[in-house]
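Results of the structural survey
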Amino acid sequence: MTQTFHEPSPTPALMLLGERRDPLSERGVDCPGALPSASDPDLVERARAAKEALGDRVFILGHHYQRDEVIQFADVTGDSFKLARDAAARPEAEFIVFCGVHFMAESADILTTDDQAVVLPDMAAGCSMADMANINQVDDAWAQLEEAGVASRTVPVTYMNSTAAIKAFCGEHGGVVCTSSNAEVALRWAFDQVGGVEGDGKVLFLPDQHLGRNTAVIQLGMELGDCVVWDPRKPLGGNTPEALEKARMILWKGHCSVHGRFRRSHVDDFRAKVPGINVLVHPECAHEVVTAADYVGSTEYIIKTLDAAEPGSAWVIGTELNLVRRVANAHPDKEVHFLEDTVCFCSTMNRIDLPHLVWALESLVAGEVPNRIVVDDETQRLARIALDRMLALPALHPAKD
Ligand code: 13P
Ligand code: SF4
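Residues numbered from 1 in each chain as written. Chains lettered and ligands numbered in written order. Predicted model: local features only at pLDDT ≥ 70, side-chain atom pairs only at ≥ 80, totals over all residues. Heavy atoms only, no water.

A word on the site of ligand 1
Note the cut-off: Near is defined per residue: the residue qualifies when any heavy atom it owns lies within 4 Å of the molecule or strand. What qualifies as a polar contact is a pair of N or O atoms within 3.5 Å, subject to a donor-acceptor requirement within protein and to the restriction that residues adjacent in sequence count only when both atoms come from side chains. Each accessible area is a Shrake-Rupley estimate made with a 1.4 Å probe; only the visible protein chains count as cover when residues are assessed. Only protein atoms enter the 1 Å grid used here, on which a cavity is any set of points holding a 1.4 Å probe that cannot leave and a pocket is any open set flanked by protein within 12 Å on both sides along at least five of seven lines; residues with an atom within 4 Å of a point are listed as lining. Cavities and pockets are treated as containing a molecule whenever more than half of the molecule's atoms lie within 2 Å of their grid points. For this scheme, ten residues count as nonpolar: Ala, Val, Leu, Ile, Met, Phe, Trp, Tyr, Cys and Pro. Four count as charged, namely Asp, Glu, Lys and Arg, and the remainder, Gly too, count as polar.
Every one of the 13 residues lining ligand 1 counts as a neighbour, but H63, S80, S180, H282 and T299 are closest to it. Interatomic distance of 3.3 Å between a side-chain N/O atom of N161 and an oxygen atom of ligand 1. In the model, an oxygen atom of ligand 1 is placed 2.7 Å from a nitrogen or oxygen of the T299 side chain. Notes on ligand 1: free accessible area 300 Å², of which the protein chains cover 96%. In this structure, ligand 1 is accommodated by the largest cavity. For the shell around ligand 1, the per-class residue count stands at four nonpolar, seven polar and two charged.

This is the structure in structure tokens:
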């Protein structure tokens, strides 16, 4: 069976393109003390020994985009929705080591008790999409929407991939958090607060324009013309007051640097090359890619879809490369391809490697809590409102099934 993969490069392509927009200094110094060498042959044994020494005091969460060398030590793996629930459901663990990115660890801190410490093994593991919206820009956008007379009919909805401050903004302004697993139900809930999907209420969707557009058009049946993009660098987000008045979805101008690389032409090329191939993509991809796909859903959905696929079936997957490679290795009886033809790791997810995990675990064994993620009390209180609204939402739906 064909598997078209590129092996990890020591310097992922996105890093070369300068994907990270915020310097390390914004999140504090990385790894004070001794970071083990990547060539240390005992790293696996050191991680195993430290984890064993910590026992039930530590709970390790691993996002599906993490490297295999890290995932092997995760107590649970999942998409960002599942990991948020799993973190909340583990009050007995003293330390939550989050192998994912900064916004996920913040959410875990909000959803866990004050006695639990959430640790991010590398403080530079951020998210380029989350960095595309900061709270000052969002406050400013809201003030402009108030002035334009539309804020009172607008509900803010933020994708999980956003700062705790933006989640708090949503909690404070009657909004909700969503993930790629539940964007449809979250949007329906939001529109219900302002007269329903058929009414004239609006959603301000942060920070991923693609997830917002894909969900509104494909799952809620809106028109592309119902959506406007809000560019935080322009007055009124680059819109006229009339366009804002008419819009149903106000989409923040943010995107994922990884999923933004997939194109409609990649789908067309695979369909021409492999007749009958199934196209499965993440909803962070552009609308032209999602509409051309057969199946669309979160990382957890992608894994489940391949688990349920017929032996011998052919698949091409548009999401982060660590996950696609893992899925392909787990299914040698299926033909699995990667949708892009260049390296497509999430460079910030990849910052969490075995040396960082060993360093974090051994620090905990030594009685130090490294890289603790702490969200201040007021931000926690407000963000928790928006997160709890999300956790209370009913069943999950993939975008296309
Ligand atoms: P999910 O795991 O929720 O599908 O999200 C993908 C992602 O980009 C996480 O950053
Ligand atoms: Fe952020 Fe994209 Fe990486 Fe997810 S894959 S953490 S959205 S940059």
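Still more to cover.
Focus on the UniProt feature "binding site: [4Fe-4S] cluster" (unreviewed entry) in the chain
Stated formally: UniProt positions are given in the numbering used here, feature names are shortened, and annotations may be inferred rather than shown by experiment. In DSSP terms, a helix is any run of H or I states spanning at least four residues, a strand is any run of E spanning at least two, and both are numbered starting from the N terminus. We call two residues contacting when some pair of their heavy atoms lies within 4.5 Å. For every residue, the accessible area obtained with a 1.4 Å probe (protein chains only) is divided by the maximum for its type, and the residue is called buried under 20%, exposed over 50%, and partly exposed between those limits.
With numbering matched to this structure, UniProt assigns "binding site: [4Fe-4S] cluster" (unreviewed entry) to C127, C256 and C346. Across 220 residues, the annotated set stays spatially compact, with a maximum C-alpha separation of 9.3 Å. Those annotated residues that line the largest cavity are C127, C256 and C346. By secondary structure assignment, the location of C256 is in the loop between β10 (249-252) and α11 (264-273). Contact partners of C256, with chain neighbours within four places excluded, come to M129, D208 and E284. For C346, a relative accessible area of 12% puts it in the buried group. Every residue in contact with C346, bar those within four places of it in the chain, is listed here: V258 and E320.

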